[in-house]
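The lines below spell out each chain.
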Amino acid sequence: MQGGGEKARYYASLGYFNQAGTTVGTGMDRITTKINLDYNVSDRIRFRTDITYTHVATDFNYTGSIRNIAYTKMPNMAIYQYDEYGNETPNYFSPASNIQGQYSSTYNPLAMALIGVNHQLGERITPKFQLQYALIPNSVLTGTFDIQFDVNNSKTQTFLPQQATGRPTNETSVNRATDSDGDGLNIQTKTNLIYQPKLKEGHAFQALLSLQSNDTRNVSHNVATTNTASDILQDASNPSRTQNSDLTLASSSSQYRSVGALLSAQYGLYDRYLVNVGLRADGNSRFGPNNRYGLFPSVSVRWRVSGENFMKSLTYVDELSLRASYGHSGNVPGSNYSFYNFYQPFSFSYCGMSGVYPSNMELVNLKWETLIGKNIGFNLAMFKNRFKVDAEYYMNTTKDMFYTGLQISSFTGFDNVSMNVGTMDNTGWEIGLNTVPYKNTNWSVGFDFNIAKNINTLRSVSEFYPKTNGAKINTNGVYQTYLQIGNPFGSYYGFRYLGVYTDADATIARDAQGNKIIGPNEQVVQMRFNYPSIDYQFQPGDAKYEDVNHDGNIDYMDIVYLGNGIPKFTGGFGPNVTYKGNLKLTLFFSYRAGYQLINGTKMTTSNMYGFNNQSTAVLRRWRNPGDETDIPRALYNSGYNWLGSDRYVEDASFIRLRSMTLRYNFPQELLKRIKFKTGSFYITAENLFTWTKYTGQDPDVSSSRNNDPLSYNVDNSMTPPGKTFSMGLSIGF
Amino acid sequence: MIRKIKYSILIVLAVMLGTSCEKWLDLKPEDGIIRQNFWKTKEDVKSSVIGCYSSLFATTQTLFLWGEIRGDMITSTLRSSAEQTEIMNGNILSSNSITNWRVIYKTINYCNTVIDFAPDVLKTDQTFKEEDLNGYLAEVRTLRALMYFNLLRSFGEVPLKLTATASDADLVQLEKSSQQDVYDQIVADLAFAEQYAPLTYGVREQDKGRITRYAVYALQADVYLWMENYTDCITACDKVINSNQFGLIAGRIPNEDNTDSIPNPQWFNTVFYVGNSNESIFEFQYDNQILNPFYNLVISSNRQFTGSTFVMDEMYTIDLLDDTKKDIRGDLASIRSSDMVIWKYAGANNTGSMRSQTTSYAHWFVYRYPDILLMKAEALAWTSQGHAALNIVKEIRDRANALAATERSPDPSSASEISDYIMEERAREFAFEGKRWYDILRNAKRNDYANLQYMIDIITKIAPADRQQSMINKYMDVRSHYLPINLYELQTDKNLVQNPFYQ
């Protein structure tokens, strides 16, 4: 609803959203309301008030590993118990332990999803007030003052009933209830002074002084108790066991503040040349007294070439402008008070006395992470805006890059430290195309396309920075990555998989010419793994890896480049068709090209290493000498049959039909008749098809740790994006 | 007018910025203790010393594994992790997390923190006296020495970190120190502690759970014995023995009408289940608030280790003719003969009930009085006092009702024969107390590996058939007796060099 007059205007809205999750036992309920009120006291003073309230109730699964357990759990175990006559009972079958282990390595996944509780409630109110005062009328000098409050309260309650785990009642996993409250209050203020003098025709000048402050407070309270008398008593306040090192009763509070001052000026000449310079000073409570303030300058220019006289003759060019910018900005670390050395009490006593220990080290050297952005770009519009290009090349340098939890030698008494570790470059380009190749009175066909490439490279780094990812390449299932100064991130290394040793003869070491290697006493030499420290002799049925250097020994010297998990290109494209301006069909495809993903699911479902459920591929495993197959023999908890190798590396390039929307805007005359302002109807389908050679569930694995040069992407079959269909009717009045 | 407003706003802003900014941004945490507010009173010192002890709990699993997994008394189960079985099969890689020394150095850092900051308290707390300070320093320096001694015996050469890491400005990349340097540091710490450590804290559980001067002597004896300094070892042992503060808990007590003696039914309960007995010198004081790691390791149905079968068959043995004759340390004390469960940590009594997950708080025994006696016997044997040594062994055997089948009669003039016999007795006495591997190594490495065959025989016995030859070959190379430095440490410290066997 909206309305009002010259003095005052109002806007109000109310929304409700309900969604059932992809995994059973998950879902969300959301209510949002919003009220805006504007009041003009006079033509020089104006008030604005925005108030938003959001209520969210979300049900999560008790643990995030339910899908994982469901994949790996014995498929022949019943969901429900059977009575002695063979009738199914309503009780979940949750044995205390079985051959696959016990909670938390295995459990009844359906019971966990349906009766495990993880309920989160959020209440958030954001009132915002603004006062605008024209110090000198006609926008010459305007002052604004903004203050925004953000009250964000949340509550999480979880409960793990005994039936979901089957564990004996004296354990702390039984009827375990937790309750945590978090109250956050954030106050932001912003005072702006904008100076915009009236200048001669063709000149434009604007100066801005902005002062900002931010104050955030968080208070939290956590409690975990276990062994309530019944799994109906699900609240942590019920009489239950409260003292155990595994249980918590904790509260914390923290505060964080920042101030900033920005001075910037912009000068435009004849609407063709535009220059902007700025200087920002920031202060932040997350730094120690020595490094608390930072200064960040910036400058940008824009030249509208199409405004020049010599371009006037090229009538088909609507717009051409070039731009370039250079600027610094600062980032702060994620945690408060890190420049203090804390002492914490142990949660248990020793000989009846309580002890404290230094729980962190004081970070006196932590300083601002500075982002230096440089970019150039242009946009061009031609043929009455039917062809538009926007292109940009950027190079962002992160100086004094933060690294949280950088591993340090443990003789210091600590495992890791947060510090500024080095300089990273993030370079890339983006091109966006908007075209309307065909248009007549009834029909309009458009085609959009964008493509981008982004590379991260490390330029210099602290001596504490790990040189490799620490992968134990002689253990199964891991790949090696190296710190390579100056090379793009994302490459990983491992063995080359050649299949399976079919028989005893195949396991004899051979030189580069394929002749058997003969030892000093004329004996034949077996292929070995990691001689001398492991010195495992390969047996028939074992996985065969390429002996790159032909020394009869598979070890770190046989590791080769296997792939890179960062796409060469990403982007999207899609046509849209409009009929008579009212009916519009939009298709959007997204793609990523030129990257290799490690199919972690394939690895864990065919390694035959433990008691986990396996895929049907293992039915063709090697069993007898002479068997020719690509799946090695089953070896319980031993052997080297699933080392990080190209066996699990797959090309994951894909094109996905991300969305397809058909929208019909009701014609004006119809709306007028039913007294609505706007009205439209739409159908959307998302994630309909994916074209890819990748055999896993979803090739679009997002790399959460893009800033880590030593990480590599593994697809562990997380919840894939659902195919969703939605229909909607939107009406405004 | 407008100008006035403009200026006054500017002035107000400038004042706001200039003066209050610094104060406004200077936030101190509202909860938790920060160093600036700590180290003011003697209570602060005490609680941080207690914190050093509390941190010992985290080391127990590591100490158990380092002391037993390469020895012959425990064996793997189906539930053992791949890393555990790799070590048992002689495949010791620097990537194996069991070679991780993190928990040990954590305690060392806590000790270093007390050593660095506690002296400041003298200035702020007038009731805190020099002798109080020295008492606390003696405790933490002994703990530090104990931790370095474990590192020395497990890795040979290790980095010697003697100052606290309190801020990121303290970060260093250390090199390994030589065995001699580590040894000298341990001796120096103990020499200090010997002067100042309290004789008693007045409370039994603290006398057994904190470092007393007797614990210092016990550690001294162990360290000297390791470095083959037998005279000092005997001196240290005698200091404990002559204090008359300790004795052996009798293995037999008179029967009801005083006509005969019966095995002491309370023996297991006194020494191991309850702990802190008269023969105890230093134990990690687990209790119901803090459980030991043994539930998962040796108790639960998914236990990762059991005792080797030969522990019962060959070490304690069974008297087939008279089943009332039993080594009191054997069945239902160290081990349950029916299923080889390690009873020292699993047993709730000596009749067969087990500890549950919630009662798994058996103490970790660092030194017990029999250790002093047997260390002395070993030192006596190597200083040509074989008879005296054998008398001590007999004392230990008699109190435990050791069976005749395990009795040997070594030549009193042959130090190595007596020493081998003492090793057998130590195995019986300290089964699963994290001492076996170090005993084997000490006995083998003595006099420049004169008795390497002792270790090789044991390895031959425990090696799986298909690995026997390669394991023997490996153990013949004496450099393999020390663990590799964990890969993690090599990656984070470029000055650290891998131990020679693993390079």
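Structure: see above.
Structure report, in brief. (Residues numbered from 1 in each chain as written. Chains lettered and ligands numbered in written order. Predicted model: local features only at pLDDT ≥ 70, side-chain atom pairs only at ≥ 80, totals over all residues. Heavy atoms only, no water.)

### A short note on the overall build of chain A
Threshold: Helix and strand assignments follow DSSP, with helices taken as H or I runs no shorter than four residues and strands as E runs no shorter than two, numbered in order from the N terminus. Buried means the residue's accessible area, taken with a 1.4 Å probe over protein chains only, is under 20% of the maximum for its type, while exposed means over 50%, and partly exposed covers the values in between. The contact criterion used throughout is that any non-hydrogen atoms of two residues lie within 4.5 Å. Per-residue and other accessible areas follow the Shrake-Rupley method at a 1.4 Å probe size, with only the shown protein chains counted as cover for residues. When charges are counted, neither His nor the chain ends are considered; positive counts come from Lys and Arg and negative counts from Asp and Glu. Taken as the charge centre is NZ of Lys, CZ of Arg, CG of Asp or CD of Glu, depending on the residue.
Across its full length, chain A carries 5 helices and 38 strands. The principal-axis extents of the C-alpha atoms in chain A amount to approximately 100 × 70 × 65 Å. By the burial criterion, 44% of the 733 residues in chain A qualify as buried. The contacts in chain A between residues at least 6 apart in sequence include a share of 66% that link residues at least 24 apart. Carbon and sulfur atoms make up 56% of the accessible area of chain A, which amounts to about 37000 Å² in all. Here chain A contributes 64 positive and 59 negative side-chain charges, whose respective centroids are spaced 10 Å apart.

### Notes on the pairing of strand β20 (residues 387-407) of chain A
Residues and elements named next belong to chain A. The criterion, for reference: At least two bridges found by DSSP between two strands are what make those strands a pair.
Where strand β19 (residues 369-382) lies against β20, 13 bridges are found, and the strand directions are antiparallel. Bridge pairing in β20 places G373 opposite N396. In textbook terms, the turn of a hairpin is the stretch between consecutive antiparallel strands, and for β19 and β20 this stretch comprises 4 residues, one of which, F383, has a positive phi near 50 degrees. In this sheet, strand β21 (residues 416-439) lies alongside β20 in antiparallel orientation, the contact comprising 17 bridges. Within β21, the residue paired with M401 across the bridge is G422.

### Some details on helix α11 (residues 230-242) of chain B
All names here are of chain B. Put simply, the rule reads: Working rule for helices: expected span equals 1.5 Å times residues minus one. Each C-beta atom gives one direction from the helix axis, and the arc is the one those directions make.
With 13 residues, α11 ought to run about 18 Å at 1.5 Å a step, and its terminal C-alpha atoms sit 18 Å apart, in line with that. Within α11, burial applies to Y230, C233, I234, A236, C237, V240 and I241. One face of α11 carries all of its buried residues, which in axial projection span an arc of 165 degrees. Facing away from the buried side of α11 by over 90 degrees, the exposed positions are T231 and N242. Considering only its buried residues, α11 is in contact with α10 (213-226), β5 (280-284), α16 (369-381) and α19 (436-449). Following α11 by one or two positions, N244 has its phi on the positive side, about 55 degrees.

### Details of the nonpolar core
Where we set the bar: Residues belong to a common nonpolar core when they are buried Ala, Val, Leu, Ile, Met, Phe, Trp, Tyr or Cys residues joined through side-chain atoms within 4.5 Å. Throughout the structure description, domain borders are defined by an automatic or database domain assignment.
In terms of nonpolar packing, the biggest core is built from 167 residues, with B:Y53, B:F64, B:L151, B:F282 and B:F432 touching the most fellow members. Here this core takes 14 residues from helix α7 (residues 130-155) of chain B, the largest share from any one element. Both domain 1 (37-244 + 483-502) and domain 2 (254-472) of chain B contribute no fewer than three residues apiece to this core. One finds A:L458, A:F464, A:L483 and B:L171 within the second-largest nonpolar core, a separate group that totals 23 residues.

### Focus: the interface of chain A and chain B
Inclusion rule: Buried area: the sum, over both parts, of the accessible surface (1.4 Å probe) that disappears when the two are put together. What counts as a salt bridge is simple: a side-chain nitrogen of Lys or Arg found within 4 Å of a carboxyl oxygen of Asp or Glu. Polar contact is the term for a pair of N or O atoms within 3.5 Å; when the atoms are in protein, one must be able to donate a hydrogen and the other to accept it, and sequence-neighboring residues count only if both atoms are side-chain atoms. Charged residues are taken to be Asp, Glu, Lys and Arg, nonpolar residues to be Ala, Val, Leu, Ile, Met, Phe, Trp, Tyr, Cys and Pro, and polar residues to be all remaining types, Gly included.
Opposite the 84 residues of chain A that make contact, chain B presents 84 residues. In this assembly, chain A packs against chain B so that about 7500 Å² is buried in total across both faces, 57% of it on carbon and sulfur atoms. Put simply, chain A and chain B have 4 salt bridges between them. The closest approach of N and O atoms between B:D26 and A:R292, which form a salt bridge, is 3.5 Å. Taken together, the connections running from chain A to chain B amount to 23 residue pairs in polar contact (both at pLDDT 80 or more). At 8 residues, strand β13 (residues 248-269) of chain A tops the list of elements feeding residues into the side of chain A that touches chain B. Taken together, the residues that form the side of chain A that touches chain B break down as 42 nonpolar, 31 polar and 11 charged. Here 2 bridges tie strand β17 (residues 342-350) of chain A to strand β1 (residues 33-34) of chain B, and the two strands are oriented antiparallel to one another. When the sheet's bridge partners are listed, A:F342 is paired in β1(B) with B:I34.

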